[in-house]
There are 2 protein chains.
Amino acid sequence: MTNWFDGSLPEPSALTGFAQNRLVRDAENRDGHSLESAIAHPKASFHLFAGGKALVRKDEAPTATFNAREALQFEPNMAGAVLLGHDETGPRLAVPVALDGDPLEPYRLYDLRSVLYSSAVQDEEAGAIAQAASMLHWHATNRFCGKCAASTAATNGGYRRDCAACGSQTFPRTDPVVIMLGIHGDKCLLGRSPHFPPGWYSTLAGFVEPGETIEDAVRRETFEESGIRLGKVRYHASQPWPFPHSLMIGCFGEALSETIHFDGTELEDCRWFDRHELDLMFEDRHPEGFKCPPGKAIAHALIRAWAKQP
Amino acid sequence: MTNWFDGSLPEPSALTGFAQNRLVRDAENRDGHSLESAIAHPKASFHLFAGGKALVRKDEAPTATFNAREALQFEPNMAGAVLLGHDETGPRLAVPVALDGDPLEPYRLYDLRSVLYSSAVQDEEAGAIAQAASMLHWHATNRFCGKCAASTAATNGGYRRDCAACGSQTFPRTDPVVIMLGIHGDKCLLGRSPHFPPGWYSTLAGFVEPGETIEDAVRRETFEESGIRLGKVRYHASQPWPFPHSLMIGCFGEALSETIHFDGTELEDCRWFDRHELDLMFEDRHPEGFKCPPGKAIAHALIRAWAKQP
């Protein structure tokens, strides 16, 4: 019998950024009273958001998790709160606050990329912040019913919005995105989007469309962006990606062709890289200044897993 | 060097139902004129839908794909059309029609489960129908802007809805769902939902939530529904699931515990099954009348892949 569960722990997904969310969601038991009870809980803790950014207290022990007393000075809008889950002491909530400009020291607002890359907060907090930011964005963009235009209201701890006018229910949205490293012999395929920082090359990526398998989406997106045909596809890892509420599904794809075509709009360059070049990029000493996305991005995890393959 | 792309083709995902969609989407090149051009194309073909059901011409060569002339007799609402992609002859579109009651013979309406299980249409058509039904449902439930309640209008072949009032853009929705077979030694974990046909047992499943990896969702849903703790998780296959627009992500999970707890609401039973019982269920001769979901469901693919493991 083959080993049905080969691979080692921690699994590749657990090594990506935003993946260390340890809150217990207890999704089956959310109901119309969950939010109210959580807010009233004496040990409730809060993540606070203004304009899509997370509030961080930047002192000797930086944190993005506040107790009720500390949260209250920012006038949280509890009507817009979402119950994220429970930690060992009590419920954790995400709450929007209204801030006029920057907060006073030692408080600062961090955008989500800074939360991911700066190590300003603990990895577990970053995971909860990703969940929170995705949920708050979903509420902000679903205030009205898509079927009848009436106002909708949140229930079930923030995990459902109901339309009293037509009775329709809407649930939080998570957009699956495939992100993949095409491989041809001893080379892998990376592209450069016009939006990237200078020198960056990364894996190709795109939204899974309705009616598509993960593997078909990997092949379609790779062909559309680079002209490269992929055959076999292998899943590697996934990553929560709160921009605004995606699930990155990381795969390897076996390239069946080698000649790259790209149209210059989606990508401004697309090339094959060998392991030696990748090593230079990891160490930031590539002669042409090429770089990989940083370590917590699933793109980095895919590139490194292949480059460092024994 | 290990074989980076082990596993054989066809890949497990290609063997699930709704997965044989061979239309070329050419997603990068959709624009504001795509739909108009496709409808005007002399070789355009159409899938027609009424009340979420697909129209099928049930004669000696059953089909759900109609040319413009045949489609026109059903008074298609071309303003609500979606461009699915291109086959070898021309563009394929999904169009709602207004039908008062059942159509006349030889036409019939098939709900999507019948499309999947009845073999009334070709597998490639079933895949295109899944894409079409998901897209049409998304349009029907996103007629108004969730941010400002103004009307939205479709563009880009039906792959975007724009709000002229506030400028927001909305894209088709695909909901990732984990569906998993928990395994403990020589037994696997199946549950019975109150909604299942008599005797059915199937894999557990649930929506991936914002801010969650695939693996964490597999472990959370399994624990919430059955009380079983999973450790390692292995991806197996995915399946488009147009109820209304999900992506099933099929995994195996290594059970760390054996004692099942379920609360009777989500599941009315949950049990361990060994391979001998599964064989009896595949052959429909289990002494207690237990059955598995049919072959085209990813649940069946997961159960069979483990049961028939060499």
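Residues numbered from 1 in each chain as written. Chains lettered and ligands numbered in written order. Predicted model: local features only at pLDDT ≥ 70, side-chain atom pairs only at ≥ 80, totals over all residues. Heavy atoms only, no water.

## Quick notes on the pattern of salt bridges
Then comes step 1: Using the criterion set out here, one finds 46 salt bridges over all chains in the structure.
Then comes step 2: The shortest N-O distance in the salt bridge between arginine 92 of chain B and aspartate 87 of chain B comes to 3.1 Å.
Then comes step 3: Judged by its relative accessible area of 10%, arginine 92 of chain B is buried.
Then comes step 4: Connected through salt bridges with shared partners, the residues Arg25 and Arg30 of chain A together with Glu209, Glu212, Arg220, Glu221 and Glu224 of chain B form a single ionic network. (Salt bridge = Lys/Arg side-chain N within 4 Å of Asp/Glu carboxyl O. Buried < 20%, exposed > 50% of the residue type's maximum accessible area, 1.4 Å probe, protein only.)

## Here's the deal with the relation of the copies chain B and chain A
Then comes step 1: Superposing chain B onto chain A takes a rotation of 180° combined with a translation of 0.0 Å along the rotation axis, leaving an RMSD of 0.0 Å. Taken together, the rotation and translation describe the operation of a two-fold axis. For chain B, the minimum C-alpha distance to the rotation axis belongs to alanine 149 of chain B and amounts to 2.5 Å. (Least-squares fit on C-alpha atoms with pLDDT ≥ 70 in both.)

## As for the sheet that holds strand β7 (residues 152-155) of chain A
Residues and elements named next belong to chain A.
Then comes step 1: Spatially, three strands are ordered β7-β8-β9 in an open sheet, and the strand pairing comes out antiparallel. Looking at which strands have only one partner, the edges of the open sheet turn out to be β7 and β9 (169-170).
Then comes step 2: Note that β7 and strand β8 (residues 160-163) share four bridges and pair antiparallel. From the neighbouring strand, alanine 153 faces β8, where its bridge partner is aspartate 162. (Pairing = 2+ DSSP bridges. Helix = DSSP H or I, 4+ residues; strand = E, 2+ residues; numbered from the N terminus.)

## What about helix α6 (residues 275-282) of chain B?
All names here are of chain B.
Then comes step 1: Within the sequence span of α6, burial applies to Glu277, Leu278, Leu280, Met281 and Phe282.
Then comes step 2: If you follow the buried residues of α6, they end up packed against β11 (187-192), β15 (269-274) and α7 (298-307).
Then comes step 3: For α6, the N-terminal cap is aspartate 274; the gap from its side-chain oxygen to the backbone nitrogen of histidine 276 is 3.2 Å.
Then comes step 4: Positive backbone phi, at 55°, marks aspartate 284, one or two positions downstream of α6. (Contact = heavy atoms within 4.5 Å. Polar contact = N/O pair within 3.5 Å; in protein donor to acceptor, adjacent residues only side chain to side chain.)

## As for the packing of α6 of chain B against α7 of chain B
All names here are of chain B.
Then comes step 1: Running from N to C, α6 and α7 cross one another at 130°; their axes reach a closest spacing of 10 Å. As the angle between them shows, α6 and α7 are arranged oblique. As for how α6 packs across α7, the hand of that crossing is left-handed. Contacts between α6 and α7 involve Arg275, Leu278 and Phe282 from the first element and His300, Ile303, Arg304, Trp306 and Ala307 from the second. (Axes fitted to C-alpha atoms, helices over the stretch in contact; angles between N-to-C directions. Parallel < 35°, antiparallel > 145°, perpendicular 65-115°, else oblique. Left-handed = near helix turned anticlockwise from the far one by under 90°.)

## Some remarks on the packing of aromatic side chains
Then comes step 1: By the definition in use, this model includes 19 aromatic pairs over all chains.
Then comes step 2: Each residue in the set Phe18, Trp241 and Phe243 of chain A is aromatic and connected to the rest through ring pairs, giving one cluster.
Then comes step 3: Above the plane of the ring of phenylalanine 243 of chain A lies arginine 113 of chain A, whose end atom (NZ or CZ) is 4.2 Å from the centre.
Then comes step 4: The ring of phenylalanine 223 of chain B carries the charged tip of arginine 229 of chain B above its face, separated from the ring centre by 3.6 Å. (Phe/Tyr/Trp six-rings, centres within 6.5 Å; stacked < 30°, edge-to-face > 60°. Lys NZ or Arg CZ within 6 Å of the ring centre and 35° of its normal.)

## Details of the sheet that holds strand β9 (residues 169-170) of chain B
Paired through their backbone hydrogen bonds, the strands of a sheet run either parallel or antiparallel.
Residues and elements named next belong to chain B.
Then comes step 1: Strand order in the open sheet made by the three strands is β7-β8-β9, with antiparallel pairing throughout. Two strands close off the open sheet at either side, each with one partner strand: β7 (152-155) and β9.
Then comes step 2: Examined bridge by bridge, strand β8 (residues 160-163) and β9 share two bridges and lie antiparallel to one another. When the bridges of β9 are listed, aspartate 162 appears paired with glutamine 169.

## Quick notes on the interface of chain B and chain A
Then comes step 1: Across the boundary between the two partners, chain B contributes 71 residues, which contact 71 residues of chain A.
Then comes step 2: For the pair chain B and chain A, the summed buried area comes to about 6100 Å², and 54% of that belongs to carbon and sulfur atoms.
Then comes step 3: Looking only at chain B, the three residues that lose the most surface to chain A are Trp4, Phe5 and Pro210 of chain B, adding up to 14% of its buried area.
Then comes step 4: On inspection of chain B and its partner chain A, the count reaches ten salt bridges.
Then comes step 5: Viewed at the interface, chain A and chain B are joined by 38 residue pairs in polar contact (both at pLDDT 80 or more).
Then comes step 6: Among the elements that make up the side of chain B that touches chain A, the one with the highest residue count is helix α5 (residues 214-226) of chain B (eight residues).
Then comes step 7: In terms of residue class, the side of chain B that touches chain A is made up of 30 nonpolar, 17 polar and 24 charged. (Buried area = accessible area lost by both parts, 1.4 Å probe. Nonpolar A, V, L, I, M, F, W, Y, C, P; charged D, E, K, R; others polar.)

## Structural notes on the environment of arginine 25 of chain B
Then comes step 1: By the element assignment, arginine 25 of chain B lies in the segment before α1 (34-40).
Then comes step 2: Assessed through its relative accessible area of 8%, arginine 25 of chain B is described here as buried.
Then comes step 3: Ignoring sequence-local partners within four residues, the contact set of arginine 25 of chain B consists of Glu209, Pro210, Gly211, Glu212, Arg220 and Glu224 of chain A together with Arg30, Leu84, Gly85 and Gln131 of chain B.
Then comes step 4: Engagement of the side chain of arginine 25 of chain B in a polar contact is seen with the backbone oxygen of proline 210 of chain A, the distance being 2.9 Å.

## Some thoughts on helix α6 (residues 275-282) of chain A
Then comes step 1: Most of α6 of chain A sits out of view: six of its eight residues are buried.
Then comes step 2: Of the surrounding secondary structure, the elements contacted by the buried residues of α6 of chain A are β11 (187-192), β15 (269-274) and α7 (298-307) of chain A.

## As for the pairing of β11 of chain B
Residue and element names in this part refer to chain B.
Then comes step 1: Among the six residues that make up β11, five are buried, leaving the element largely enclosed by the rest of the structure.
Then comes step 2: Between strand β10 (residues 175-184) and β11, which pair antiparallel one after the other, the connecting turn spans two residues, and glycine 185 there sits at a positive phi close to 60°.
Then comes step 3: With six bridges connecting them, β11 and β15 associate as antiparallel partners. Residue pairing across strands places lysine 187 opposite aspartate 274, the latter belonging to β15.

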